[in-house]
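Inside the fold
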Amino acid sequence: MSEAVPLVDLTPWFEGTGSGKREVAEAIDEALRESGFLMITGHGVSEQERSTTRALAREFFALPAETKAPYAVSVGGRGWLPPGVEANGYAEGTPTPPDLKESYSVGASDQVGLAEIDAFWFQPNVWPSEVPGFADAATGYMRRMRTLSDELLTIFAAALDLPADHFTRHTGHPTYTFNINWYPPMTHVGTPEPDQFRIGPHTDFGTVTILDRQAGVGGLQVYTSDGRWVDAPFDPDAFTVNIGDLMARWTGDRWRSTRHRVLPPDASAPDEDLVSLIFFYETDHDARISSLGPPLGHTAYPEVLASEYLHEKLAAITVSD
């Protein structure tokens, strides 16, 4: 497996001895220090859960634009993100053409009773009536991702020899987003503009991202520590996992929030279309995030309020009308 994205089997964490758990934690620490990305197997999520959610999402994306239009929202909303509303390259301060994708976006919806917070972070999820079963499948998948994310945060704490709940004590009522991305074929979107991607170069914003993706010519690339873009390896049984800016900040830059991008459709595969299931996990909206000090961390960032920090990041990638 590529050094840029190491492969870690979680089976010893769930089923093994203390030494097995330690080996998993150490492997994840090394991966996050060197790469910021890893692939995980032994995660316990069935292929059926993944494939069913993907297939039902494809049914939605195949609907006519006029049928999808009532579900249209902007970045941060619940529903359909049409073509042209998002440009991830802006997160790096680089004006780029809009990303060549459509998304269906849902997320945390159990409100906290604060109108300003609930209106953005805990909006009701919206489901298309035209695709029966989509709501149940996606909600079940999202529930599985939250459980797996908390388990990863527990492994993260073990990797740093911290109390088991060092991170999860801040995810009692977390914010999170589940984006299902459709990357249409070139026959649908036409020839990409210069510097236009399916998703432009960026880092993620939260604590941990869990990606279930499909292999393709226009697929995921990761930016290595020595300044190269490399194709991320693919394993159909594995999730691709990376941390976001908030977690890198939390660990005082011990771990890397790594740039990545999704290549545009390629003329060598004009009919290729891909669907990715992407779960972005964060923290409680009111969590105050302070950097870990030496010897774990080596950069002391000012404390931030998670919801304010993340809101600014999301605003940066929204394409204005």
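Scroll up to find the structure this text is about.
Residues numbered from 1 in each chain as written. Predicted model: local features only at pLDDT ≥ 70, side-chain atom pairs only at ≥ 80, totals over all residues. Heavy atoms only, no water.

Here's the deal with empty space enclosed by the protein
Here the structure, examined in full by the defined rule, presents two cavities of 30 Å³ or more. Taken as a whole, the largest cavity spans an internal volume of roughly 630 Å³. Lining of the largest cavity is provided by 43 residues; of these, Glu86, Asn179, Asp204, Ile278 and Phe280 occupy positions nearest its centre. Of all the secondary structure elements, the ones that give two or more residues to the lining of the largest cavity are strand S4 (102-107), helix H5 (115-121), strand S5 (174-183), strand S6 (199-202), strand S7 (208-212), strand S11 (260-262), strand S12 (274-284) and helix H9 (306-316). There is about 40 Å³ of room inside the second largest cavity. For the second largest cavity, the full set of lining residues is Leu81, Pro82, Pro83, Gly84, Val85, Glu86, Asp99, Lys101 and Glu102. Taken together, the residues of the lining of the second largest cavity break down into four nonpolar, one polar and four charged. (1 Å grid on protein atoms, 1.4 Å probe; cavity = no way out; pocket = protein on both sides within 12 Å on 5 of 7 lines; lining within 4 Å. Points joined across faces, edges and corners; volume = space filled by probe spheres on them. Helix = DSSP H or I, 4+ residues; strand = E, 2+ residues; numbered from the N terminus. Nonpolar A, V, L, I, M, F, W, Y, C, P; charged D, E, K, R; others polar.)

So, the layout of surface pockets
Considering only enclosed or pocket space, the largest pocket measures out at about 230 Å³ in volume. In this structure, the largest pocket is lined by 14 residues; those nearest its centre are Ala108, Ser109, Asp110, Arg146 and Tyr176. Looking at the lining of the largest pocket, the elements with two or more residues in it are helix H6 (134-159) and S5. Ranked by residue count, the leading element in the lining of the largest pocket is H6, at four residues. Residue composition of the lining of the largest pocket, by class: five nonpolar, six polar and three charged. In this structure, the second largest pocket is lined by Glu3, Ala4, Glu34, Ser35, Val222, Thr224, Ser225, Asp226, Arg228 and Arg256. Split by residue class, the lining of the second largest pocket holds two nonpolar, three polar and five charged.

What about the packing of helix H2 (residues 18-34) against H6?
Running from N to C, H2 and H6 point in directions that differ by 90°, and their axes come no closer than 8 Å. The angle between the axes of H2 and H6 places the two elements in the roughly perpendicular class. Across the interface between the two elements, Arg22, Val24, Ala25, Ile28, Asp29 and Leu32 from H2 touch Ile155, Phe156, Ala158 and Ala159 from H6. The residue inventory of the contact of H2 with H6, partitioned by class, reads eight nonpolar, no polar and two charged. (Axes fitted to C-alpha atoms, helices over the stretch in contact; angles between N-to-C directions. Parallel < 35°, antiparallel > 145°, perpendicular 65-115°, else oblique. Contact = heavy atoms within 4.5 Å.)

Notes on the pairing of S12
Of all eleven residues in S12, ten are buried, a share of seventy percent or more. Note: S5 against S12, nine bridges, orientation antiparallel. From the neighbouring strand, Ile180 faces S12, where its bridge partner is Leu277. Relative to S12, S7 runs antiparallel, the two sharing five bridges. Paired with Leu211 across the two strands is Ile278, which belongs to S12. (Buried < 20%, exposed > 50% of the residue type's maximum accessible area, 1.4 Å probe, protein only. Pairing = 2+ DSSP bridges.)

Quick look at the packing of helix H3 (residues 47-61) against H6
Interhelical geometry of H3 versus H6 gives an angle of 135° and a closest axis separation of 9 Å. In terms of orientation, H3 and H6 fall into the oblique class. When you trace H3 past H6, the crossing you get is left-handed. Where H3 abuts H6, its residues Glu49, Arg50, Thr52, Thr53, Leu56 and Ala57 lie against Phe134, Ala137, Ala138, Tyr141 and Arg144. (Left-handed = near helix turned anticlockwise from the far one by under 90°.)

Points about the nonpolar core
Counting 72 residues, the largest nonpolar core has Leu10, Ile28, Leu152, Phe156 and Phe178 as the members making the most contacts within it. Ranked by the residues each element gives to this core, the list is headed by H6, at 14 residues. For Phe156, the contacting residues outside a window of four places in its chain are Ile28, Leu32, Phe167, Val208, Ile243, Met247 and Trp255. Listed in part, the 15 residues of the second largest apolar core include Ala4, Phe37, Tyr183 and Leu220. (Core = buried A, V, L, I, M, F, W, Y, C linked by side-chain atoms within 4.5 Å.)

Topic: the pattern of salt bridges
Here the structure, examined in full by the defined rule, presents 15 salt bridges. Where Lys101 meets Glu86, a salt bridge forms, and the shortest distance between an N and an O atom there is 2.8 Å. Highlighted residues: Lys101 in the loop between strand S3 (79-81) and S4 and Glu86 in the loop between S3 and S4, separated in sequence by 15 residues. Classification of Glu86 as buried rests on a relative accessible area of 9%. A salt bridge links Asp226 to Arg228; its shortest N-O distance comes to 3.1 Å. For Asp226, a relative accessible area of 52% puts it in the exposed group. In this structure, a network of salt bridges that share partners links the residues Asp29, Arg33 and Arg254. (Salt bridge = Lys/Arg side-chain N within 4 Å of Asp/Glu carboxyl O.)

A closer look at the side chain of Glu102
Inspection of the secondary structure puts Glu102 in strand S4. Side-chain polar atoms of Glu102 contact the side chain of Trp80, separated by 3.0 Å. Non-local contacts of Glu102, meaning those with residues more than four positions away in its chain, are made with Phe61, Lys68, Trp80, Leu81, Pro83, Ile180, Asn181, Trp182 and His188. (Polar contact = N/O pair within 3.5 Å; in protein donor to acceptor, adjacent residues only side chain to side chain.)

Function cannot be inferred from these measures alone, as they are strictly geometric.
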